[in-house]
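Fold and geometry: a report
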Amino acid sequence: MIKSGYIAIIGRVSVGKSTFLNNYLEEKVSITSSKPQTTREQIIGIKTFSDAQFVFIDTPGFYRPRHKLGEFLSKEALSGLKSADLILYLVDSEYSYGEDYVIRHFENINVPVFLVINKIDLLKSKMSIDRIILSYLDKYNFKGVFPISALEKTHFEKLTEAIKNYLPSQGYFYEKEQVTTQSDLKRASEIIREKVLFYTKEEVPHAVGVFIEYARMENGLYVMYATIYVERASQKAILIGKRGEMLKKIGKDSRLEINEVLNTKVHLNLYVKVKKDWRNNISDLRGLGYV
Ligand SMILES: Nc1nc2c(ncn2[C@@H]2O[C@H](COP(=O)(O)OP(=O)(O)OP(=O)(O)O)[C@@H](O)[C@H]2O)c(=O)[nH]1
Ligand SMILES: [Mg+2]
């Protein structure tokens, strides 16, 4: 009998939700970075087995919103909860008060929750894993506890079996080859944003929005024009860099990865534009695909 269903990946920023999704699928569908708030919208990642199909929903990390983009991120994180058959609640350290903000949302919905303790490769001993587990046990009625390392892909098998047990018996939702529902252009714009996050720091990563203005196949080459939006002229200067070197690096890394992910040769033209306060402007947010 085929089991299939939706599994929401929930947790605070930077606990490794998107890393887990990519490494579990063995396919990069959701960008990752060491900077908080990397994921900005729900990303679907699909894993099909001979007897099951897992449709994962990667979500933006929980945090308290400070602007309209932040409010959108919180809504995106929450809407993943209700439509799920199962929740994977990822954490990477002992319980702290901030986790309450996440756990509180499990109480009003009738969806089983697994506690997934990530980044155990960073822990020195089994005792530290036990300490983390213990710190959460009285906080919620978790249906299972799974220590893993998303980065090193360890202990995924037990999780796989347990997930199957919690999914309803029903047919596949997607073709078995499909790994995500994102369009090629969305994937391309996300890859560019990931490279920006990698090369920049402090306020720049959060101020960046990427939009593909034009994309067309021309003589076997995928020609793309993409704009990186920032909020201030100083951020634009950082992204362009001395003699345009920063933008060149971002462009090159992005092109190589887009080639690989879309399995086609890409000619990428990158521009940087200032759009003041776009994270608070509804029509700008809409233009960039948020809201
Ligand atoms: N050592 C270690 N690092 C990890 C592991 N999983 C993720 N990371 C790192 O943690 C950082 C955040 O990873 P992401 O996958 O982007 O985290 P996220 O939860 O999706 O973050 P947001 O989208 O911002 O909510 C990155 O630097 C990852 O390389 C792990 O198992 N071990
Ligand atoms: Mg993420």
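Whatever comes next refers back to the structure up there.
My aim in this report is to walk through the structure given alongside it, one point at a time. Model, not experiment: these values are computed from the prediction.

Quick look at the pattern of salt bridges
A side chain with one charge may pair with a side chain of the opposite charge, provided their charged atoms come close. Applying the stated rule across the entire model yields 18 salt bridges. Across the pair Lys126 and Asp130 runs a salt bridge whose closest N-O atoms are separated by 3.1 Å. Residue Lys126 and its partner Asp130 are located together in helix α4 (residues 126-137), separated by four residues, close to a single helical turn. Owing to a relative accessible area of 59%, Lys126 belongs among the exposed residues under this scheme. A salt bridge links Lys195 to Glu257; the shortest N-O distance between them is 2.6 Å. Placement of the pair is Lys195 in helix α6 (residues 184-199) and Glu257 in helix α8 (residues 245-262), with a sequence separation of 62 residues. The class of Glu257 is buried, set by a relative accessible area of 17%. Here the salt bridges share partners, and the residues they tie into one network are Lys28, Glu194, Lys195 and Glu257.

Overview of the environment of Lys158
For Lys158, the location among the structural elements is in helix α5 (residues 156-166). Owing to a relative accessible area of 65%, Lys158 belongs among the exposed residues under this scheme. With eleven residues separating them along the chain, Lys158 and Pro147 place their C-alpha atoms 9.8 Å apart.

Description of empty space enclosed by the protein
Empty space among the atoms becomes visible once a probe the size of a water molecule is rolled across them. Counted according to the given criterion, the structure contains two cavities of 30 Å³ or more. Considering only enclosed or pocket space, the largest cavity measures out at about 60 Å³ in volume. Around the largest cavity, the lining residues are Lys28, Val29, Ser30, Ile31, Gln182, Arg187, Glu190, Ile191 and Val261. Top element by residues in the lining of the largest cavity is α6. It accounts for three residues. A class-by-class count of the residues in the lining of the largest cavity yields four nonpolar, two polar and three charged. Counting residues domain by domain, the lining of the largest cavity receives three or more from each of domain 1 (3-166) and domain 2 (184-287). Residues of the lining of the second largest cavity, tallied by class, amount to two nonpolar, three polar and two charged.

Criteria and thresholds
Residues numbered from 1 in each chain as written. Chains lettered and ligands numbered in written order. Predicted model: local features only at pLDDT ≥ 70, side-chain atom pairs only at ≥ 80, totals over all residues. Heavy atoms only, no water. Salt bridge = Lys/Arg side-chain N within 4 Å of Asp/Glu carboxyl O. Helix = DSSP H or I, 4+ residues; strand = E, 2+ residues; numbered from the N terminus. Buried < 20%, exposed > 50% of the residue type's maximum accessible area, 1.4 Å probe, protein only. 1 Å grid on protein atoms, 1.4 Å probe; cavity = no way out; pocket = protein on both sides within 12 Å on 5 of 7 lines; lining within 4 Å. Points joined across faces, edges and corners; volume = space filled by probe spheres on them. Nonpolar A, V, L, I, M, F, W, Y, C, P; charged D, E, K, R; others polar. Domains from an automatic or database assignment.

Read these as layout, nothing more, since geometry by itself doesn't imply function.
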